[in-house]
Protein chains: 2
Amino acid sequence: MPIYKAPVEEALFLLEDVFAQDLGQHSQAFSGLTIDDMRAVLTQAARLGEDVLQPLNLPGDRQGCTRDADGNVTTPKGFKEAYKLYAQGGWIGLAADPTYGGQGLPYTLASIVNEYMGAANMAFTMYPGLTQSAIATISQHASEALKRLYLPRLISGEWCGTMNLTEPHCGTDLGLLKTKAVPREDGSYAITGQKIFISAGEHDLAENIVHLVLARIEGAPPGTAGISLFIAPKRLPDEDGAAGARNAISCGAIERKMGIHANATCVMNYDGATGFLIGAENHGLSAMFLMMNEARLGVANQGLAISEVAYQNAAAYAQTRLQGRALSGAKAPKSPADPIIVHADVRRMLLDISAFNQAARALLIWATLMADVAQRGEDAQERERASGIVSLLTPVLKGVLTDYGFANAVKAQQVFGGHGYIVDAGMEQFVRDARIAMIYEGANGVQALDLVGRKLQKDGGRALRNVLDDIRIFISENASNAALAPCLGPLEESLGRLKQATLWLMRNAPTKSDDAAAAAHDYMHLFGLVALAYMWARIARAALLRKARAPAPRMDAKLDLARYFMARILPETGAHLARIVSGAEVLTTLPDEAF
Amino acid sequence: MPIYKAPVEEALFLLEDVFAQDLGQHSQAFSGLTIDDMRAVLTQAARLGEDVLQPLNLPGDRQGCTRDADGNVTTPKGFKEAYKLYAQGGWIGLAADPTYGGQGLPYTLASIVNEYMGAANMAFTMYPGLTQSAIATISQHASEALKRLYLPRLISGEWCGTMNLTEPHCGTDLGLLKTKAVPREDGSYAITGQKIFISAGEHDLAENIVHLVLARIEGAPPGTAGISLFIAPKRLPDEDGAAGARNAISCGAIERKMGIHANATCVMNYDGATGFLIGAENHGLSAMFLMMNEARLGVANQGLAISEVAYQNAAAYAQTRLQGRALSGAKAPKSPADPIIVHADVRRMLLDISAFNQAARALLIWATLMADVAQRGEDAQERERASGIVSLLTPVLKGVLTDYGFANAVKAQQVFGGHGYIVDAGMEQFVRDARIAMIYEGANGVQALDLVGRKLQKDGGRALRNVLDDIRIFISENASNAALAPCLGPLEESLGRLKQATLWLMRNAPTKSDDAAAAAHDYMHLFGLVALAYMWARIARAALLRKARAPAPRMDAKLDLARYFMARILPETGAHLARIVSGAEVLTTLPDEAF
């Protein structure tokens, strides 16, 4: 059986030591919480994840969800009870508005909690996770009446939420969507169409499911300019607001898929279902995209979460599995063989993962801190600056953390040798589950295009300049700190590569439309690696300060990992740059029919 | 339903144009076969793979193998009939000795056939594949009496074979194995112990299963010096050599695993089973290792095979899935959207795979040609040279082709977006199936250690010098060919990196034992990429020669792919070199308990 221990002290170190300045400067955005307050919340979350959700992960994958002839869906054994604890603990509305029953805590904290829950049980956590997305969408775009009706029940977990975008013929290209909405006299709409790949589309965890649905109002323009957003509950609220009569929405099938078996991915059929418009007519897509930024950070978090739990299991296995001898002589001469952690190649795989995870967690916390500042900061200019940074970092985090999250799950599985291929070890589930994060909420290729095609240019490239300035200032402020030199040198070199790549894009992309697209994937990864290196430099500085106060083996380990990252992971930036500047021509010359 | 078309013309182009000189020079080793002979064989193989095996792949994965209470194992529907055709077609003994009923054709040809069969149905092809391994082992090491008894029935496919190495506590470190063999008065041995992860360990395809088993003869020394190899059939041959009484061998369980569900991976229990010694007492491991070289090339082939079939499906999907518009303007203005192959990032994924596959196929053919020369060449010196090269290339091919094979299956799945995550598309099966190839027949970390720890040094590094000389000579012979310059420049640069890495290893590894191990993974990949670039240079030269004779769009496409490889895949060599020369220290400083 796999293990999991939520890394609470890791998050607290980042909040207290690495991002102390940001927290202090924007304390209002963080509700004036102390580190002890945060420790209390995270420790409680850790307990729920470790004790309740994690033990259900492997059996839930095995059992999966089942649909009966009437379209009712049953989740795996234990999920209902776990969900009740999750909802009662207030975890769904941790960062939601207290006006509607939320706890009003920082999004940063909710995001850390989601790492633990996702690592413990990704398929389970998607149920409340989609409810959180629905809450965010309704909060931002719905009328006060709809908010009063739906938010309290979603925040309490009495009702769940979903997002209905994809149709059989359209995923990325939502402009093609066909689901139609016909206005009724009472102001509601009759929605008809088929949605696919709907996570948590139907299940038995809550008495009602609130679907947020994209559809085209009859007569609306074609393409993306004619899409509207609707709220369509499984059961229509009665006059008291309680779940009443069944709406004409049904689950047509549960998709058979590679992983996240315990989450019901549904085909949803709308047969003249009653829906209520959210926001303005034909502005559904922009409403959905605003919400999707938060959902994308949530998916990035899943990449980190699986990478972390996979790492913990691989490290534990490497400490106990006896096989072969250290090249430098037996390390456990009384045992029949040494634990495989003595082998350099096993350490390579573990260090690759660990050196990624700690920086990825820092980068995610940085981004969510910025999201909190953007929403709750005191100063308008600061809010705008923070909003630009989080918007720029979002596709990078989604694409890079899920690509590495998957690759790391594969590496962790490799540490187990043949045993990693066996279902009961749980490692192959991590690989299968992590795989979806590279695809949903915008496939990673779409993230890369969002970055180079939209986010880089926004406001004349201001957000990028702000991030690059941050890094540059950090380097120059710490230039005289010799203990930081092993980090700053490589960081500066990689920053130079990022600048070169950016200049190349600025010179070429405006005239050659394919150049930006051809460079997008590598640019996103180059950017991500530089950002992670920057996080390691900040972590290293904080670790040195802690060490200066008292000896701290945990801080020594961080300095070792920082050096590992610089020596072994950051060199990839050179290959990314070489690919970027090779241009689009090698991608476009081959005729389509020659593929 | 996934598709598959065996790339027969690809192999013939490589044999006829790229390796024409090798074939001509060593024609005896290739039984004097003409290209037309080879085409006839490959076309027949293609038909079996495409028409019979491929349609069983997806259903076979879904159905899996089942074991009844008595330990009998049933393979998926259709496997028995397919196996009969496979055996009757003479495919199992294609390269086996005619004395025992084999067809005596070159191993090169058998290997190409195995690519097609593996691409069509990897789980199925493992059954005859393991029989081929058993045939090779018995041919090389068994007594004439055992050969006469077992080889004809294995070659005809009446009986199947398996390899029994792994035990619960030992995989890589076979020195720990506990299965014991007690000599009996009649010269046979009583074998007792448990083996796990035994592919094709028990099934219903053949009337008998011949297990090759590693065990320790009572009183033998501990460790690897006390391991012997035995033949232990499921049914003991009677006096006519027919399958007779049941031996004390049983399948205790079928492992539940990530993929290759249609192949029965068994726990095998030996309860005083009758076995017959093969080769000398206590020399079982070296016998097994000789055989494993061939098996490792077979696994490398699986990496290529899955990469190829995954590519074909992704390319077909990209040609027909409509989503979004080309950045340079609509390419299919009459359709609601353009096919996704217009998008640079989709082309990137497809080209990454295709540019790998063609060079990987060439490298595998080069290695198997060398294996044929090593076994059947006229000249002793040539045989020895060829043997050194194939022995050096084997771990590189196994490690690199399976790492990329898996990564490419993941990329091909990504082209499908959300649909790639759905079971019925078949793409996720390719990912799950390809995953095992990185693990079995020696995990890829073990291949890397085999390369840097053993193969590089062998005979004073002669094989490496021979390969590097080949590349150097090719570069200088073609230096004046301007049309080849786009290949030769990058090839030479990457060759320089390989030399730097090799020099670094020679300087550091002898004194610092961890340096070689810490560099092993990256060195293997650096070597592999240089070898693949060399293949592309040879392919490009051959393509130019063909084009000079007549216009050939297929050859133009090869030149495009060669340039893509150089621009987009080969730059990775820089990152590998940087990691290698960073040394072992960053891997060893972190204390074990800090993981």
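## Thoughts on the overall build of chain A
Step number 1: From N to C terminus, chain A includes 19 helices and eleven strands.
Step number 2: A compact globule built from 595 residues would reach a C-alpha radius of gyration of about 25 Å, and chain A, at 24 Å, matches this within 12%.
Step number 3: For chain A, the exposed area adds up to about 20300 Å²; of that, 53% sits on carbon and sulfur atoms.

## Some remarks on the environment of B:K234
Residue and element names in this part refer to chain B.
Step number 1: Within the secondary structure layout, K234 lies in the loop between β7 (228-233) and β8 (235-237).
Step number 2: Accessibility expressed as a relative area gives 7% for K234, which makes it buried.
Step number 3: For K234 and A482, which are 248 residues apart along the polypeptide, the C-alpha to C-alpha distance reads 62 Å.
Step number 4: In this structure K234 touches E202, H203, N208, I209, H211, A245, R246, N247 and I249, once residues within four positions along its chain are discounted.
Step number 5: Only 2.6 Å separates the side chain of K234 from the side chain of E202, close enough to count as a polar contact.

## Notes on the pattern of salt bridges
Residue and element names in this part refer to chain A.
Step number 1: Under the counting rule described, the total for this entry stands at 69 salt bridges over all chains.
Step number 2: Two residues, K195 and E167, come together in a salt bridge whose shortest N-O distance is 3.0 Å. With a gap of 28 residues between them, K195 in strand β5 (residues 189-199) and E167 in the loop between β3 (159-164) and β4 (180-183) connect regions that are remote in the sequence. Taken as a pair, K195 and E167 share a single burial class, namely buried.
Step number 3: Put simply, K455 and D450 hold a salt bridge, and the shortest N to O gap is 3.1 Å.

## Structural notes on helix α1 (residues 8-18) of chain A
Each α-helix winds once per 3.6 residues, and so residues spaced three or four apart point in a common direction.
Residue and element names in this part refer to chain A.
Step number 1: Within α1, nine of the eleven residues are buried, leaving the element largely enclosed by the surrounding structure.
Step number 2: The set of residues buried in α1 consists of V8, E10, A11, L12, F13, L14, L15, D17 and V18.
Step number 3: Packed against the buried residues of α1 are α2 (20-25), α3 (35-53), α6 (107-120), α10 (344-376), α16 (513-549) and α17 (553-569).

## Concerning the interface of chain A and chain B
Step number 1: The interface is formed by 86 residues belonging to chain A together with 86 residues belonging to chain B.
Step number 2: Taking both sides of the interface into account, the surface hidden between chain A and chain B amounts to around 7800 Å²; carbon and sulfur atoms contribute 57%.
Step number 3: Inspection of the region where chain A meets chain B yields ten salt bridges.
Step number 4: In this structure, the connection of chain A to chain B is made through 50 residue pairs in polar contact (both at pLDDT 80 or more).
Step number 5: Considering only residue class, the side of chain A that touches chain B consists of 41 nonpolar, 21 polar and 24 charged.

## Structural notes on empty space enclosed by the protein
All names here are of chain A.
Step number 1: Here the structure, examined in full by the defined rule, presents nine cavities of 30 Å³ or more.
Step number 2: Space inside the largest cavity adds up to approximately 1600 Å³.
Step number 3: Tallied by class, the residues present in the lining of the largest cavity amount to 17 nonpolar, 14 polar and 18 charged.
Step number 4: If you add up the space inside the second largest cavity, you get close to 60 Å³.
Step number 5: What lines the second largest cavity is simply E384, R385, G388, D459, R462, A463 and N466.
Step number 6: Of all the secondary structure elements, the ones that give two or more residues to the lining of the second largest cavity are α11 (380-415) and α14 (458-477).

## Things to note about unusual backbone geometry
Step number 1: Even without glycine at this site, A:N282 takes up a positive phi of about 65°.
Step number 2: Structurally, A:N282 is set in the loop between β11 (265-278) and α9 (284-320).
Step number 3: A relative accessible area of 22% places A:N282 in the partly exposed class.
Step number 4: The backbone phi angle of B:A200 is positive, close to 60°, even though this residue is not glycine.

## Some thoughts on the side chain of B:R538
Residue and element names in this part refer to chain B.
Step number 1: For R538, the position within the fold is in helix α16 (residues 513-549).
Step number 2: Given the relative accessible area of 8%, R538 is considered buried.
Step number 3: Excluding anything up to four places from it in sequence, R538 contacts V18, F19, D22, W366 and F474.

## Notes on the relation of the copies chain A and chain B
Step number 1: The transformation that overlays chain A on chain B combines an axial shift of 0.0 Å with a rotation of 180°, and the residual RMSD is 0.0 Å. Look at the turn and shift together and you get a two-fold axis relating the two. Minimal C-alpha distance to the rotation axis in chain A is attained by A:A575, lying at 3.1 Å.
Step number 2: When the interface residues of chain A are mapped onto chain B, 100% of them again fall at the interface, so both copies present the same face.

## A look at the packing of aromatic side chains
All names here are of chain A.
Step number 1: In total, this model carries 19 aromatic pairs over all chains according to the counting rule given.
Step number 2: Every member of this aromatic cluster is reached through a ring pair, and the members are F79, Y86 and F124.
Step number 3: We note R153 situated over the ring of W159; from NZ or CZ to the ring centre the distance is 5.3 Å.
Step number 4: The ring of F406 is capped by R435, whose NZ or CZ atom sits 5.6 Å from the centre of that ring.

## Here we look at the packing of helix α7 (residues 122-141) of chain A against α9(A)
Residue and element names in this part refer to chain A.
Step number 1: Axis separation between α7 and α9 bottoms out at 9 Å; the angle between their running directions is 155°. Classified by the angle between their axes, α7 and α9 sit roughly antiparallel to one another. Where α7 crosses over α9, the handedness of that crossing is right-handed. Contacts between α7 and α9 involve M122, M126, S133, A136, T137, Q140 and H141 from the former and A287, L290, M291, E294, A295, Q302 and I306 from the latter.
Step number 2: In terms of residue class, the contact of α7 with α9 is built from eight nonpolar, five polar and one charged.

## Considering helix α18 (residues 572-581) of chain B
Step number 1: Within α18(B), seven of the ten residues are buried, which leaves the element mostly enclosed by the surrounding structure.
Step number 2: Considered for burial, the residues of α18(B) that qualify are B:E572, B:T573, B:A575, B:H576, B:L577, B:R579 and B:I580.
Step number 3: On the buried face of α18(B), the contacting elements are α17 and α18 (572-581) of chain A together with α15 (485-508), α16 and α17 (553-569) of chain B.
Step number 4: Positive phi shows up at B:G583, right after α18(B), with a value of about 80°.

## As for the pairing of strand β9 (residues 243-246) of chain A
Residue and element names in this part refer to chain A.
Step number 1: Pairing of strand β8 (residues 235-237) with β9, which is carried by two bridges, proceeds in the antiparallel orientation. Residue pairing across strands places P237 opposite A243, the latter belonging to β9.
Step number 2: Connecting β8 to the antiparallel partner β9 that follows it, the hairpin turn spans five residues, and G241 within it adopts a positive phi of roughly 85°.

## Points about the pairing of strand β4 (residues 180-183) of chain B
All names here are of chain B.
Step number 1: Strand direction decides the pairing type here: β4 and strand β5 (residues 189-199), joined by four bridges, are antiparallel. Bridge pairing in β5 places V182 opposite A190.
Step number 2: What sits between β4 and β5 in their antiparallel hairpin is a turn of five residues, with G187 showing a positive phi close to 95°.
Step number 3: Two strands pair when backbone bridges link them, and β4 and strand β6 (residues 208-217) are joined in this way by two bridges, in the parallel orientation. The residue bridging A181 from the neighbouring strand is I217, located in β6.

## Side note on the packing of helix α15 (residues 485-508) of chain A against α18(A)
Residues and elements named next belong to chain A.
Step number 1: Running from amino to carboxyl end, α15 crosses α18 at an angle of 10°, the nearest separation of the two axes being 10 Å. Judged by the inter-axis angle, α15 sits roughly parallel to α18. Our pair here, α15 against α18, has a crossing hand that is left-handed. In contact with S494, R497, Q500, A501 and W504 of α15, α18 contributes T573, G574, L577, I580 and V581.

## Here's the deal with the environment of A:A248
Residue and element names in this part refer to chain A.
Step number 1: Here A248 shows up in the loop between β9 and β10 (249-254).
Step number 2: Classification of A248 by relative accessible area gives partly exposed; the value is 31%.
Step number 3: Along the chain, A248 and I191 lie 57 residues apart, while their C-alpha atoms are 8.9 Å from each other.
Step number 4: Beyond its immediate sequence surroundings of up to four residues, A248 is in contact with N269, Y270, D271, G272 and A273.

## What to know about the environment of A:A501
All names here are of chain A.
Step number 1: Topologically, A501 is positioned in helix α15.
Step number 2: Assessed through its relative accessible area of 0%, A501 is described here as buried.
Step number 3: Put simply, A501 and T108 are 393 residues apart on the chain and 31 Å apart in space, counted from C-alpha to C-alpha.
Step number 4: For A501, the residues in contact, after removing those within four places along its chain, are Y523, L526, L577 and I580.

## Some remarks on the nonpolar core
Most often, soluble globular proteins have nonpolar side chains that are buried together.
Step number 1: With 455 residues, the main nonpolar core has A:Y523, A:F527, B:Y523 and B:F527 as its most contacted residues.
Step number 2: Sequence-distant contacts of B:F527, defined by excluding residues within four places in its chain, comprise B:L392, B:L393, B:V396, B:L451, B:L464, B:V467 and B:L498.

Procedures and definitions
- Residues numbered from 1 in each chain as written.
- Chains lettered and ligands numbered in written order.
- Predicted model: local features only at pLDDT ≥ 70, side-chain atom pairs only at ≥ 80, totals over all residues.
- Heavy atoms only, no water.
- Helix = DSSP H or I, 4+ residues; strand = E, 2+ residues; numbered from the N terminus.
- Rg over C-alpha atoms; globule rule 2.2 N^0.38 Å.
- Areas by Shrake-Rupley, 256 points an atom, 1.4 Å probe, with all protein chains shown as cover.
- Buried < 20%, exposed > 50% of the residue type's maximum accessible area, 1.4 Å probe, protein only.
- Contact = heavy atoms within 4.5 Å.
- Polar contact = N/O pair within 3.5 Å; in protein donor to acceptor, adjacent residues only side chain to side chain.
- Salt bridge = Lys/Arg side-chain N within 4 Å of Asp/Glu carboxyl O.
- Buried area = accessible area lost by both parts, 1.4 Å probe.
- Nonpolar A, V, L, I, M, F, W, Y, C, P; charged D, E, K, R; others polar.
- 1 Å grid on protein atoms, 1.4 Å probe; cavity = no way out; pocket = protein on both sides within 12 Å on 5 of 7 lines; lining within 4 Å.
- Points joined across faces, edges and corners; volume = space filled by probe spheres on them.
- Least-squares fit on C-alpha atoms with pLDDT ≥ 70 in both.
- Phe/Tyr/Trp six-rings, centres within 6.5 Å; stacked < 30°, edge-to-face > 60°.
- Lys NZ or Arg CZ within 6 Å of the ring centre and 35° of its normal.
- Axes fitted to C-alpha atoms, helices over the stretch in contact; angles between N-to-C directions.
- Parallel < 35°, antiparallel > 145°, perpendicular 65-115°, else oblique.
- Left-handed = near helix turned anticlockwise from the far one by under 90°.
- Pairing = 2+ DSSP bridges.
- Core = buried A, V, L, I, M, F, W, Y, C linked by side-chain atoms within 4.5 Å.

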